[in-house]
Amino acid sequence: MGYDGKGQLMIGPETDSKQAWATLGAELAILEAYVDYRCEISVVVIRTESGAIANYPPVENQHLNHILDTTIAPAPDFGRSRHAGRSDRPAYRREARRRRRAGGRDVRDPGRPHPGQRAGARRPHNSGHWTIDACYASQFEQLVRAICGLPLGSTDNHADAIMKNIIGPDVERWRDFLADPMTKLHLYGKRDAPVGRKMGHATRLLPRR
């Protein structure tokens, strides 16, 4: 439960450690140093049992209240996006490529984690949901292909995309997303919509000319 702000607590020099621990309500926890980062970039990598590796373009993730709010695909300045703006991030590009290569080598068992695995999520990830509408084969299709020993589909994107998570009561605005003819709406069918719960996502397609 250590995601989307759940099971997490930010502490500082003024924090009462005993009260913080009681608030967390856990028997075990991980203490992490705060990182003052400029942006978060993620890469979805697929590997089959036979060792075939494919990956989607790097995407940039923007968070709100510790929850993924928006994913820009591809990430700005990664060579294939005309719509997300420009930025001077050569160091980030190099690091993303390095981690993408390392991550592909470390994905040893398609769809299942192994002890000590550190390359990232071992499942379809929220930052890859844009592939449903903007790529020839989505991350969900690739998961099934990898587990079943089938050839991987194309990870090329036929459109750039901006994916927006629909969180909590914002789900009541679902008609607003459909007002844009280039937006694909995905609702998850959850009954209750408390603050902070992911209720769906909307992906705005930006066709490349």
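The structure presented is a predicted model; accordingly, all values stated were derived computationally and were not measured.

Before going further, it helps to examine the overall build of the protein chain. Check the secondary structure of the protein chain and you find five helices and eight strands. For the protein chain, the sequential pattern of α-helices and β-strands runs α-β-β-β-β-β-α-α-α-β-α-β-β. Buried positions account for 37% of the 209 residues belonging to the protein chain. Summarising the internal contacts of the protein chain: among those between residues at least 6 apart in sequence, 51% fall at separations of at least 24. Looking at the protein chain as shown, the accessible area adds up to about 13,400 Å², and 51% of this sits on carbon and sulfur atoms.

Moving on: the nonpolar core. Core analysis: the largest hydrophobic core is formed by 14 residues, its most contacted members being Tyr56, Trp130, Ala134, Ala161 and Leu205. Of all the secondary-structure elements, those providing two or more residues to this core are strand 5 (67-73) and strand 6 (159-167). Sort the elements by how many residues they give to this core and strand 6 lands first, with three residues. In contact with Trp130, other than residues within four places in its own chain, are Tyr56, Pro57, Val59, Thr71, Ala73, Cys135, Asn157, Ala159, Ala161, Met163 and Thr203. Counting residues in hydrophobic clusters, the runner-up holds five residues, among them Ile166, Val171, Phe177 and Ala202.

Looking now at helix 4 (residues 139-147). An α-helical turn contains 3.6 residues, so any two residues separated by three or four positions project in the same direction. Every buried residue of helix 4 is listed here: Gln139, Gln142 and Ala146. Looking down the long axis of helix 4, one finds its buried residues gathered within 55° of arc, a one-sided arrangement. Along its buried surface, helix 4 packs onto strand 2 (45-47) and helix 3 (131-134).

The subject of this paragraph is the confidence of the model for the protein chain. For the protein chain, per-residue confidence averages 84 on the pLDDT scale, and 78% of positions sit at 70 or higher. Contacts for the low-pLDDT stretch residues 79-88, under 50 throughout, to residues beyond four places or in other chains number 25 contacts. A low-confidence stretch, residues 113-119 (pLDDT under 50), is modelled with nine contacts involving residues beyond four sequence positions or located in other chains.

This part takes up the sheet that holds strand 7 (residues 183-187). Pairing within the open sheet is antiparallel, and its six strands lie in the order 1-4-5-6-8-7. Of all the strands in the sheet, the pair left with one neighbour each is strand 1 (40-42) and strand 7. Ignoring which end each strand starts from, the neighbouring axes of this sheet average 25° apart. As judged from the five bridges shared by strand 7 and strand 8 (residues 198-207), these two strands associate in the antiparallel manner. In the strand pairing of strand 8, Thr183 is matched with Arg204.

By the element assignment, Cys39 lies in the loop between helix 1 (17-24) and strand 1. Each C-alpha atom of the pair Cys39 and Gln62 lies 7.5 Å from the other, and the pair is 23 residues apart in sequence.

Let us look at unusual backbone geometry. Here the residue pair Ala73 and Pro74 is connected by a cis peptide bond, since its omega of -10° sits within 30 degrees of zero. Among the secondary structure elements, Pro74 is positioned in the loop between strand 5 and helix 2 (90-106). Positive phi, close to 55°, is recorded for Asn65, a residue that is not glycine. Tracing the backbone through its elements, the reader meets Asn65 in the loop between strand 4 (59-64) and strand 5. Overall, the relative accessible area of 62% leaves Asn65 in the exposed class. A positive phi angle is found at His66, which is not glycine, with a value near 70°. Residue position: His66 is located in the loop between strand 4 and strand 5.

What follows covers helix 1. With a side-chain oxygen positioned 3.0 Å from the backbone nitrogen of Lys18, the residue opening helix 1 is Asp16. Among the residues trailing helix 1, Gly25 stands out with phi positive, at a value near 65°.

Conventions we followed
Residues numbered from 1 in each chain as written. Predicted model: local features only at pLDDT ≥ 70, side-chain atom pairs only at ≥ 80, totals over all residues. Heavy atoms only, no water. Helix = DSSP H or I, 4+ residues; strand = E, 2+ residues; numbered from the N terminus. Buried < 20%, exposed > 50% of the residue type's maximum accessible area, 1.4 Å probe, protein only. Contact = heavy atoms within 4.5 Å. Areas by Shrake-Rupley, 256 points an atom, 1.4 Å probe, with all protein chains shown as cover. Core = buried A, V, L, I, M, F, W, Y, C linked by side-chain atoms within 4.5 Å. Arc of directions from axis to C-beta. pLDDT = per-residue confidence, 0-100. Pairing = 2+ DSSP bridges. Axes fitted to C-alpha atoms, helices over the stretch in contact; angles between N-to-C directions. Polar contact = N/O pair within 3.5 Å; in protein donor to acceptor, adjacent residues only side chain to side chain.

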